[in-house]
Amino acid sequence: MIVYSFAAIILMGTLLLMLPFSSRSGAVTPLWNALFTATSATCVTGLVIYDTYTHFSPFGQAVILCLIQVGGLGLVTFTAFFNLIIGKKLGLRDMQLASESVSADTMADMPRLIRLAVLTSVVVETAGALLLCTVFVPKYGGKGLAISIFLAVSAYCNAGFDILGREGPFASLSGYNGAPVVLFTLMLLIVFGGLGFVVWRDLFEWHKTRRLQLHTRIVLKMTVLLILFGAAMFLILEWSNPRTLGPLSFFERINAALFQSVSFRTAGFNSVDIGGMREITKVIGILLMFIGAAPGSTGGGVKVTAAAVLLMTVVCASRGQEDTMIHKRRVPKSVVYKAMAVVTLGLAIIGVTSLIINGTAHINDRGLTGIDVIFETVSAFSTAGLSAGVTAAANLPSKMVLILTMFIGRVGPVAFVLSMSMRTGQKRREIIPDGKIYL
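Residues numbered from 1 in each chain as written. Predicted model: local features only at pLDDT ≥ 70, side-chain atom pairs only at ≥ 80, totals over all residues. Heavy atoms only, no water.

Caption draft 1: Representation of the overall build of the protein chain in the model. Along its length, the protein chain carries 19 helices and 2 strands. Against the 2.2 N^0.38 benchmark of 22 Å for 439 residues, the protein chain shows a C-alpha radius of gyration of 22 Å, consistent with a compact globule. When the 439 residues of the protein chain are sorted by exposure, 52% land in the buried category. For the protein chain, the exposed area adds up to about 19,900 Å²; of that, 68% sits on carbon and sulfur atoms. Placing the 35 positive and 21 negative side-chain charges of the protein chain at their respective mean positions leaves the two points 7 Å apart. (Helix = DSSP H or I, 4+ residues; strand = E, 2+ residues; numbered from the N terminus. Rg over C-alpha atoms; globule rule 2.2 N^0.38 Å. Buried < 20%, exposed > 50% of the residue type's maximum accessible area, 1.4 Å probe, protein only. Areas by Shrake-Rupley, 256 points an atom, 1.4 Å probe, with all protein chains shown as cover. Lys, Arg positive; Asp, Glu negative; His and termini not counted. Charge placed at Lys NZ, Arg CZ, Asp CG, Glu CD.)

Next comes the structure, spelled out in structure tokens:
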């Protein structure tokens, strides 16, 4: 149902974006380009073929904004929320779908979690839009309000779309490294959206319980560590690069490095030229994008919890321990296996997609490298949306495979893990002899 709901939203968005009055020129947007844009918006990715402001009319921009909002929270979550608003009780199947949609481990108190997910999103997005208005309204008048709302929703949903093309096509936030209100507001929105609704519930209940779940502690620690690591590496590697941080002042470099580190975590905004980064910096970006955000959040990637579980599994195995231990808690082997499955599937999808793009798009003829292709593919899979220039040069086969990769990145790994967990215990366990394999 979750997969079908995303597919239905994408199809509806494609049809709406193809309408003549969705574009500024009044022309019909080609099917594949409309499908690519709708998929990117619904899967909160941010990869674009057209500049959102210069190509799409206000109606088209509104369609994209709605796709981002619904895609970020999930149609199942929205449906359950509106059923609760009108007083309809959720049945067992409705609560099961809702718990899967927000990656909750239990259906207990699910109506409260759904309300918390939607209302928190509205409050945080509204607060972010008001802060952004202090910059964009004085600059653009009434249109600044629309810009602020669009950016706030896009940032919280980790989408990476913007309507700042009036300052230059595909400019994104390159002109705002000296505007800390804009960058830090967007950073907070991105981080808040990437924590996950289960973490928010745990944080809201801390004043009662005075303790945080292991999941919450892992998400918070990994989030801080990855942001600091990404910012430090970006500063070190790009400090003197004339195409990125080189022309900026000291404080602008700090702002840009922090912002880009946060944006690598599946947000998709850029305040510097991504294509101009050094190859080693792109590799760091690939790592951060692949890990992504937290489960049940608006972000993508294989998730910080999966990365933490696999890292600690390696550490514990190297110490001769049979079990994976995190904060003096034993991690069930089923969780370790699922983390391994998600990461392995992600690497396989990225590898196949990269090979197809390399073989069909004639990347080398366009001045792009294999690292650029991998960067773009990981960006699509992790729903990050940062582009090294491959999307702009992509032909139809490359666009098709990127569309599929964005879709799988948004719903595939989650659906795969949930399908495995739902099958657990449904069949009688057979007694099977052990097989010895030496590693």
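Caption draft 2: Helix H2 (residues 31–42), seen in detail. Given a rise of 1.5 Å per residue, 12 residues ought to cover 16 Å, and the 16 Å separating the end C-alpha atoms of H2 matches this to within 8%. Of all 12 residues making up H2, 9 are buried, and the element is well covered by its neighbours. Of the positions making up H2, those classed as buried are Asn33, Ala34, Phe36, Thr37, Ala38, Thr39, Ser40, Ala41 and Thr42. Positive phi shows up at valine 44, right after H2, with a value of about 45°. (Expected span 1.5 Å × (residues − 1).)

Caption draft 3: The arrangement of the pattern of salt bridges in detail. With the rule as written, the count across this model stands at 5 salt bridges. Two residues, glutamate 167 and lysine 139, come together in a salt bridge whose shortest N-O distance is 3.2 Å. Placement of the pair is glutamate 167 in the loop between helix H8 (143–156) and helix H9 (180–195) and lysine 139 in helix H7 (residues 110–140), with a sequence separation of 28 residues. Arginine 243 is the salt-bridge partner of aspartate 273, the closest N and O atoms lying 3.5 Å from each other. On the criterion of sequence distance, the pair formed by aspartate 273 in the loop between helix H13 (250–264) and helix H14 (279–291) and arginine 243 in the loop between helix H12 (214–238) and H13 is long-range, its members being 30 residues apart. Of the residues examined, aspartate 273 reaches a relative accessible area of 37% and is grouped as partly exposed. We classify arginine 243 as exposed; its relative accessible area is 51%. The network of salt bridges with common partners includes Glu279, Lys282 and Asp372. (Salt bridge = Lys/Arg side-chain N within 4 Å of Asp/Glu carboxyl O.)

Caption draft 4: Structural context of the packing of H8 against H9. Between H8 and H9, the shortest axis-to-axis distance is 7 Å and the interhelical angle comes to 40°. Relative to H9, H8 is oriented oblique. Listed contacts from H9 to Leu151, Ala152, Ala155 and Tyr156 of H8 are Leu186, Leu189, Ile190, Phe192 and Gly193. (Axes fitted to C-alpha atoms, helices over the stretch in contact; angles between N-to-C directions. Parallel < 35°, antiparallel > 145°, perpendicular 65-115°, else oblique. Contact = heavy atoms within 4.5 Å.)

Caption draft 5: Broad picture of the nonpolar core. Membership of the largest hydrophobic core comes to 80 residues, with the highest contact counts inside it found for Ile68 and Leu186. Among the elements that make up this core, the one with the highest residue count is H7 (10 residues). Beyond its immediate chain neighbours, meaning those up to four positions away, leucine 186 contacts Leu132, Leu151, Ala155, Leu173 and Phe259. Within the second largest apolar cluster, 43 residues are counted, among which are Leu248, Met289, Ile350 and Leu386. (Core = buried A, V, L, I, M, F, W, Y, C linked by side-chain atoms within 4.5 Å.)

Geometric descriptors of this kind do not, in isolation, establish any biological role.
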